[in-house]
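Coordinates in review
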Amino acid sequence: MRFTDSEIERYGRQMIVPGVGAPGQERLGAGSVLAIGAGGLGSPALLYLAAAGVGRIGVVDGDTVELSNLQRQIAHSTADIGRNKAESAAETMRAINPLIDVQVYAERIGVDNAASLVAGYDVVIDGSDNFPTRYLVNDACVMAGTPLVTAAILRFFGQILTILPGQGPCYRCVFPSSPEAGAVPSCSQAGILGPVAGVMGTLQALEAMKLLAGFGEPLVGRYLAFEFAAAEISDMRIERDPACPVCGERPTITSLTAEVDACTG
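Not measured: the values here are computed from a predicted model.

Digging into the overall build of the chain
Helix and strand counts for the chain stand at 9 helices and 8 strands. For the chain, the C-alpha radius of gyration of 18 Å lies close to 18 Å, the compact-globule estimate for 265 residues. Principal-axis analysis of the C-alpha atoms places the extent of the chain at approximately 55 × 40 × 40 Å. Sequence separation of at least 24 residues holds for 67% of the intrachain contacts in the chain that already meet a minimum separation of 6. Of the accessible surface of the chain, which amounts to about 12,000 Å², a share of 53% is contributed by carbon and sulfur atoms. Across the chain, the 18 positively charged side chains and the 28 negatively charged ones have centroids separated by 4 Å.

A few points about helix H3 (residues 42-52)
Counting buried positions along H3 gives 9 out of 11 residues, so the element sits mostly inside the fold. When H3 is considered as a whole, its buried residues turn out to be Gly-42, Ser-43, Pro-44, Ala-45, Leu-46, Leu-47, Leu-49, Ala-50 and Ala-52. Directly after H3, the chain includes Gly-53, whose backbone phi takes a positive value near 90°.

Focus on the environment of Asp-129
For Asp-129, the position within the fold is in the loop between strand S4 (123-126) and helix H6 (131-144). Classification of Asp-129 as partly exposed rests on a relative accessible area of 46%.

Comments concerning unusual backbone geometry
The residue Arg-155 is not glycine, and still its phi comes out positive at about 55°. Mapped onto the secondary structure, Arg-155 falls in the loop between strand S5 (148-154) and strand S6 (157-163). Take Arg-155: its relative accessible area is 45%, and that puts it in the partly exposed class. Its identity is not glycine, yet Ala-231 carries a phi of approximately 55°, on the positive side. As for its position among the elements, Ala-231 is in the loop between strand S7 (222-227) and strand S8 (232-237).

As for helix H2 (residues 21-30)
Residues of H2 that are buried include every one of Gly-21, Gly-24, Gln-25 and Leu-28, and no others. Projection of H2 onto a plane perpendicular to its axis shows the buried side chains occupying an angular sector of 100°, all on one side. At its buried positions, H2 is contacted by helix H1 (5-15), H3 and helix H9 (194-213).

Things to note about the nonpolar core
In terms of nonpolar packing, the biggest core is built from 41 residues, with Val-33, Leu-46, Leu-49, Ile-57, Met-93, Ile-125 and Ile-160 touching the most fellow members. For this core, the secondary-structure elements that each account for two or more residues are strand S1 (32-36), H3, strand S2 (56-60), helix H4 (85-96), S4, S5, H9 and S7. Per-element accounting of this core gives the leading share, 8 residues, to H9. With 30 residues, the next largest nonpolar core counts Tyr-105, Ile-109, Tyr-121 and Cys-244 among its residues.

Notes on the packing of aromatic side chains
A full pass over the atoms with the stated rule returns 5 aromatic pairs. Taking 5.8 Å as the distance between ring centres and 80° as the angle between the ring planes, the aromatic pair formed by Phe-175 and Tyr-223 counts as edge-to-face. One end of the pair, Phe-175, is in the loop between helix H7 (171-174) and helix H8 (187-190); the other, Tyr-223, is in strand S7, with 48 residues separating them in the sequence. Pairing Phe-226 with Phe-228 gives two aromatic rings, centres 5.4 Å apart and planes at 5°, and the pair type is stacked. An aromatic cluster of three or more residues is present, and its members are Tyr-135, Tyr-171, Phe-175 and Tyr-223. The ring of Tyr-121 carries the charged tip of Arg-56 above its face, separated from the ring centre by 4.3 Å. When the ring centre of Phe-131 is taken as reference, the NZ or CZ atom of Arg-134 above it lies at 5.0 Å.

Basis of the calculations
- Residues numbered from 1 in each chain as written.
- Predicted model: local features only at pLDDT ≥ 70, side-chain atom pairs only at ≥ 80, totals over all residues.
- Heavy atoms only, no water.
- Helix = DSSP H or I, 4+ residues; strand = E, 2+ residues; numbered from the N terminus.
- Rg over C-alpha atoms; globule rule 2.2 N^0.38 Å.
- Contact = heavy atoms within 4.5 Å.
- Areas by Shrake-Rupley, 256 points an atom, 1.4 Å probe, with all protein chains shown as cover.
- Lys, Arg positive; Asp, Glu negative; His and termini not counted.
- Charge placed at Lys NZ, Arg CZ, Asp CG, Glu CD.
- Buried < 20%, exposed > 50% of the residue type's maximum accessible area, 1.4 Å probe, protein only.
- Arc of directions from axis to C-beta.
- Core = buried A, V, L, I, M, F, W, Y, C linked by side-chain atoms within 4.5 Å.
- Phe/Tyr/Trp six-rings, centres within 6.5 Å; stacked < 30°, edge-to-face > 60°.
- Lys NZ or Arg CZ within 6 Å of the ring centre and 35° of its normal.

By themselves these figures say nothing about function.
Structure representation (structure tokens):
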């Protein structure tokens, strides 16, 4: 691929990084990422993926921008209040990089559309804010063989795991079952700091870039947990569970189901 002078200037700082180069930039341009949610995690991830020149980026979100979102959901502005989040984020991404293709899915992800959404992309990043959606996206990606970068945030805490179906553990290997209702408070109940969302969403973008461009060591089989107030990081090795109901030796989950209606956030 021959880059234009404008592309070389735009992407030059990352093209000179060892392990990326022109071949890595070409792979980014030919690659695609689907983001589930354009909220606290999705916002920074989407902006960095757009700036990096990922060729096609899909944004799935059925929610609208609210004033309370703006403290952390940096893809949106005050003028976007009331707009669909996927549409708002897409406009910001195109303003950052008009060379990329941004696909808007102004809808919630659920059992009826998860498989078709995931099937069209090379990598999925999950920025949803509830357990049913995380399990649904995990199952859809495992069944499709699509790499997934999943993360979660709350208060000062963040966690991230990259899933390569068939090569490492999936989300159900790490968390076999969803917590009981009310056991884990939501961000609206417990709070979240904007920079916590920013760091974790940025890590998701970096993981997706590793997978697309082929540099570095993705977090496969590694559960990375951050406690930002004390600046503590836990790096735990996770093995694939042969009894996992979706990616194990004898899977019992062979079609997409959800305990409750899934939604993004």
